[in-house]
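Read off the chains here:
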Amino acid sequence: MSETVPAKGAAKPPPAATLRRIERHAGALATSSVARMDETLPWFRALPADQRSWVMLVAQAGVRSLVEWLRSGGVVAETTQEISDEVFAAAPRALARSLTLTQTVQLIKVTIDVAETEVAALAAPGEEEPLLQAILKFSREIAFSAARVYARAAESRGAWDARLQALLVDALLRGDSSDVLASRAAALGWSDAAPVAVVVGRSPGGDISAVLHAVYRAARRARIEVIGGVHGDRLVVVMGGATDPVATAEALADSFGEGPIVVGPAVPSLDQATESARAALAGFRAAPAWPGAPNPVAADDLLPERALAGDMEARRTLRHDAYGALARAGSGLLETLDAFFASGGVLESAARELYVHPNTIRYRLKRVTEVTGLSPLDGRGAFALRIALTVGRLDPAT
């Protein structure tokens, strides 16, 4: 009868007597390994009974795979990967989610330590050293297999998280109910740290997971919570715990592509973030009308451009907070602004038009700033006030 020739790159299989001994001791070896885990690993003792039973299954499968691997001569090839992968196939995928990679490596180490102590009982006379080397070599393959299991789980989890985040951002932009937002945010582990603000800018392009990874890395450095999504050419980021949204968005700026980055107003919680998202999107669309805008820029600083672009919320804000506030304040503030703008910003000319002293004009312009937060002596403030007066008079009843 011809002798089986080991494959190239393979060691000579152990004697049949050694293989038989290992097979006879397989159950005892797995039991001893689990008992050692229970003695030396406190976290293992705290595991639920079902998870401990899964570890026993893995240990038993590991011993069976060791026998197969030794029988094949320890070939380092696809067959080796298949045999070592079968070890983890013995337990549900939930085990990979229950145990960390570090804990799994600890379990492997304990099992190998137990196997080393049993080498004298497992090996045929004179075969102790070759068997020990084979066990150590097989443990390396098992470690690589564990890394592959966790890498696949991480990739799957990452892809699912990316899809869930995209759905959450999409729900925000659509204005879905707070229950939908809360359930999806909870699935992502969102803690809803206040305040919450939405940032919109251009996506840098490329792989979406790489884009979002850059956002998360920057968010960790800024110590804030984020959820992100790429919608077409736009990158939308929800920030939680950003007490100064514009300054925080500046810390994330490198994650965006070229172009304006617009920050929506801060709101108390995620279920109100639709308002912030709408303002940020409207500001992003209107931002090209202000070439000299800072970057990032607050959506509220773009109210005039947003109103001209047809954003009804911006029109309502200007009408109520600027024109309406001036009308309610009285004291000739609206008339003073009209005269001031008509005179090209010359105080004396406005004073002559209204038959008052220039100091009266100065006082009233100061009051305009106090009432609206917009200064008519500043270029941006004057522009916003002009748009507010126009919008207010186009729809005075509202």
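If you check an unreviewed UniProt entry, the chain appears there as Helix-turn-helix domain-containing protein from Paractinoplanes aksuensis. Taken from UniProt, the Sequence similarities (unreviewed entry) comment for the chain reads in full: "Belongs to the CdaR family."

## Side note on the nonpolar core
Residues Val196, Val198, Val200, Val238, Val262, Leu270 and Ala273 are the most contacted members of the largest nonpolar core, which totals 23 residues. Among the elements of the structure, α9 (128-174), β1 (196-202), β3 (234-240) and α13 (273-286) are those that each provide at least two residues to this core. Considering each element in turn, this core owes the most residues, 6 residues, to α13. Setting aside residues no more than four positions away along its own chain, Val200 makes contact with Arg234, Leu235, Val236, Phe256, Pro260, Ile261, Val262, Ala280, Leu281 and Phe284. One finds Ile22, Leu66, Ala115 and Ile142 within the second-largest nonpolar core, a separate group that totals 21 residues.

## A closer look at the environment of Ala279
Position of Ala279 among the secondary structure elements: in helix α13. Ala279 gets classed as buried once you look at its relative accessible area, which sits at 7%. Every residue in contact with Ala279, bar those within four places of it in the chain, is listed here: Pro265, Ala299 and Arg306.

## What to know about the sheet that holds strand β5 (residues 297-298)
Taken in spatial order, the 5 strands make up an open sheet running β2-β3-β1-β4-β5, and their pairing is mixed. The strands lining the two open edges of the sheet, one partner per strand, are β2 (225-231) and β5. Where β1 lies against strand β4 (residues 262-263), 2 bridges are found, and the strand directions are antiparallel. Paired with Val200 across the two strands is Val262, which belongs to β4. Lying on the sheet, helix α11 (residues 208-222) is in contact with β2 and β3; it crosses β2 at an angle near 155°. Where α13 meets the sheet, it contacts β1, β3 and β4, and its direction lies at approximately 25° from that of β1.

## A few points about helix α1 (residues 16-24)
Listed as buried for α1 are Thr18, Leu19 and Ile22. Down the axis of α1, the buried side of the element spans an arc of 100°, and every buried residue falls inside it.

Cut-offs applied
Residues numbered from 1 in each chain as written. Predicted model: local features only at pLDDT ≥ 70, side-chain atom pairs only at ≥ 80, totals over all residues. Heavy atoms only, no water. UniProt positions renumbered as here; feature names shortened; annotations may be inferred. Core = buried A, V, L, I, M, F, W, Y, C linked by side-chain atoms within 4.5 Å. Buried < 20%, exposed > 50% of the residue type's maximum accessible area, 1.4 Å probe, protein only. Helix = DSSP H or I, 4+ residues; strand = E, 2+ residues; numbered from the N terminus. Contact = heavy atoms within 4.5 Å. Pairing = 2+ DSSP bridges. Axes fitted to C-alpha atoms, helices over the stretch in contact; angles between N-to-C directions. Arc of directions from axis to C-beta.

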